[in-house]
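Listed below are the residues making up each chain.
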Amino acid sequence: MPYEFYNVPVLSLQSISTVKYRQQDDECCLVPLHITMDNVKSNNNAIPRPETSFESKEIFFAFRPTCEPSEVRLVFVLKCICLLCRMLVGESLKNGQGTGVASRRHKHEPFEQAPMYVAVLTYLGFGIVTLFGYLRDFLRAVGLEKCNIAQEREKQKDFVPLYQDFENFYTRNLYMRVRDNWNRPICSLPGPVFDLMERVSDDYNWTFRFTGKTIHDVINMGSYNYLGFAENNADFLKTVADKVRQYGVGVCSTRQEIGNLSIHEELEQLVANFLGVESAMTYGMGFATNSMNIPALVGKGCLILSDELNHTSLILGARLSGATIRVFKHNNMQSLEKMLKEAVCSGQPRTHRPWKKILIVVEGIYSMEGSVVRLPEVIALKKKYKAYLYLDEAHSIGAVGQTGRGVTELFNVNTADVDVMMGTFTKSFGASGGYIAGKKELVDYLRTHSHSAVYATAMSPPATEQIIRAMKCIMGKDGSTEGMRRIRQLAENAKYFRSRLKEMGFIIYGNDDSPVVPVLLYMPAKVVAFAREMLARKIGVVVVGFPATPITEARARFCVSAAHTRDMLNQVLDCMNEVGDLLCLKFSRRKYSPQPDLCDETDFELDS
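Residues numbered from 1 in each chain as written. Predicted model: local features only at pLDDT ≥ 70, side-chain atom pairs only at ≥ 80, totals over all residues. Heavy atoms only, no water.

**What to know about the nonpolar core**
Formed by 65 residues in total, the largest nonpolar core has its most connected members in Leu275, Leu336, Leu340, Ile360, Leu375 and Phe425. Apart from residues lying up to four places away in sequence, leucine 375 is in contact with Leu389, Leu391, Val407, Thr408, Phe411 and Val413. Ranked by size, the runner-up nonpolar core spans 38 residues in total, among them Val118, Ile508, Cys575 and Leu585. (Core = buried A, V, L, I, M, F, W, Y, C linked by side-chain atoms within 4.5 Å. Buried < 20%, exposed > 50% of the residue type's maximum accessible area, 1.4 Å probe, protein only. Contact = heavy atoms within 4.5 Å.)

Set out below in structure tokens:
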């Protein structure tokens, strides 16, 4: 009896016993196989989509019969393309279908859920605050409370309103009460420590006044200063100072007019060499690198498949392009492949014509989650369905990889497999701006079609020289090993900081290699209290809540730097432990051992 199996990878099993099945016309059936796990072998052939229960040693395989069964006995051989250890933890099943490529470094990316009572109390907290917001609006309407927010003039009441009352509700009644935790003014270099200007409010944060005092030596856990190049070392910055004297601080022209300098071309060649691509182009603003270049690459009749947690600049660029946008679940290869299949099979809506282009847009490291893109699997799907790949490495370039070359180096993939490589210089390089890199034809096209290239002012000379200095340091072209030392120090700091937080019982997100460490706080009142308590202990943190995150996932986002010493991190961890106990923030129900894993999943690679 012939059967048609879905093409998804499963374990290959040497011995099978007690095979059962049931038949339903034109429906998927489940065949439970009671198996033994001995003598497992590896193979590239595939039989897919199991749902597993390893405690009972039972695997269910979905199949669709192509004709009526005449016997009740099935004999077939299962071929293996997944490794046993990953299937035992169910990782490939949790994150979606396999692609025949090993998914490295996702064993340690848990998204632990908080206990149910935490979610209930979080919703309850927002409900209470909203209720009091309506009460305060009523008091303002009847004149019992002063309204400090901007309002329409009386003579303009018949005009279309500039301020939508309901849309402003959150800012007026929630954010204003806690905005002392954001936009704090600093008065020093934003290195591993900085100085804060003390400010107070006499009207519940509607306005602030400075006291004239300075809070000194606050440990900076919020800046994207991953490699510590935001520094004022006179020896390191000598070349930057020389370029200021030679070129000034600005160009005041686009590169297509009279703003193209020799150091701009030097930087672009250096970026191309650093990434191992044919060509690169730099821009003066990282946000505009995404928002202005995506519309130049795709347009009407094209399809963009975007990760649901992509940065705002990517979302804006996709919307400005006029292309159709579909969003797949974060890092979920099953969701992505489903959309790719539908796009290839169905084509455009109504006409069903093929899409002109299909562009997959992902980030290297997601700045709010700390998670790393599943790049090998994305590339495999991109090749399988003949799509293009746009990779934003704003947070990953310089920060991950053995030599700081980002997620392509982390996963050891060929940069030629990534059609558009994007990154910024605002994080690891201590400057500003961004780049697009790839094939020469792509870069030459963007030089004449990108709004950022045609209309934007060229990158300032001191910022350009700072990037060149930092990149040469990373590559070792300055004759030192300082760049490699910083890369190794960042990796050590990130792993140490994450492991200690897990041991304390905090729920954290992200990959162990990521320098972005989100600590989940959940409740709105605890978010505010956490930021204030940490500042009282001279720790500067960034807290993020709704609408920047899901309403039940407010968090503190720590950014680890190579410039942080072990003593600094220990001081932060001690304060975290103290504040975590004070505010009851240790929600994790998992037990973590300080000992490293006995085996690393990366030791069991599969060939693509």
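**A word on the sheet that holds strand S11 (residues 358–363)**
Here we have seven strands laid out as an open sheet, ordered S8-S14-S13-S12-S11-S9-S10, and mixed in their pairing. In this open sheet, the two edge strands, each paired with only one partner strand, are strand S8 (279–283) and strand S10 (324–328). The sheet shows a mean angle of 20 degrees between the axes of neighbouring strands, taken without regard to direction. With four bridges joining them, strand S13 (residues 420–424) and strand S14 (residues 434–438) adopt antiparallel strand pairing. By the bridge assignment, methionine 422 is partnered in S14 with isoleucine 436. (Pairing = 2+ DSSP bridges. Helix = DSSP H or I, 4+ residues; strand = E, 2+ residues; numbered from the N terminus. Axes fitted to C-alpha atoms, helices over the stretch in contact; angles between N-to-C directions.)

**Looking at the pairing of strand S15 (residues 516–522)**
Most of S15 is tucked away, with seven of its seven residues classed as buried. Burial of the side chains of S15 extends over both faces: Val516, Pro518, Leu520 and Tyr522 are buried on one face and Val517, Val519 and Leu521 on the other. Where S15 and strand S18 (residues 554–559) come together, six bridges link them in antiparallel fashion. Each bridged residue has a counterpart across the sheet, and for valine 517 the counterpart in S18 is phenylalanine 558.

**As for the pattern of salt bridges**
Working definition: two side chains of opposite charge can pair if their charged atoms are close together. For the coordinates displayed, the defined rule picks out 30 salt bridges. Between aspartate 202 and arginine 209 there is a salt bridge, with the nearest N and O atoms lying 2.8 Å from each other. Overall, the relative accessible area of 59% leaves aspartate 202 in the exposed class. Measuring nitrogen to oxygen at the nearest pair gives 3.4 Å for the salt bridge that ties lysine 472 to glutamate 266. Within this pair, whereas lysine 472 is found in helix H14 (residues 461–475), its partner glutamate 266 is found in helix H6 (residues 262–275), the two being separated by 206 residues in sequence. (Salt bridge = Lys/Arg side-chain N within 4 Å of Asp/Glu carboxyl O.)

**What about the packing of helix H7 (residues 286–297) against helix H12 (residues 440–449)?**
In the contact formed by H7 and H12, the axes pass within 10 Å of each other and the chain directions differ by 105 degrees. Here H7 is positioned roughly perpendicular relative to H12, judged by the angle of their axes. Contacts from Asn293, Ala296 and Leu297 of H7 reach H12 at Leu442, Tyr445, Leu446 and His449. Of the residues contributing to the contact of H7 with H12, the split by class is five nonpolar, two polar and no charged. (Parallel < 35°, antiparallel > 145°, perpendicular 65-115°, else oblique. Nonpolar A, V, L, I, M, F, W, Y, C, P; charged D, E, K, R; others polar.)

**Section: the sheet that holds strand S17 (residues 542–544)**
With respect to topology, three strands assemble into an open sheet ordered S15-S18-S17, the strand pairing being antiparallel. Here the strands that pair on one side only, and so sit at the sheet edges, are S15 and S17. Taking each pair of neighbouring strands and ignoring which way they run, the sheet shows an average axis angle of 25 degrees. Sheet topology places S17 next to S18; three bridges connect them, and they run antiparallel. Opposite valine 544, over in S18, you have arginine 555 as the bridge partner. Strand contacts of helix H16 (residues 524–536): S15, S17 and S18, with the helix running at about 125 degrees to S15, the strand carrying the most contacts.

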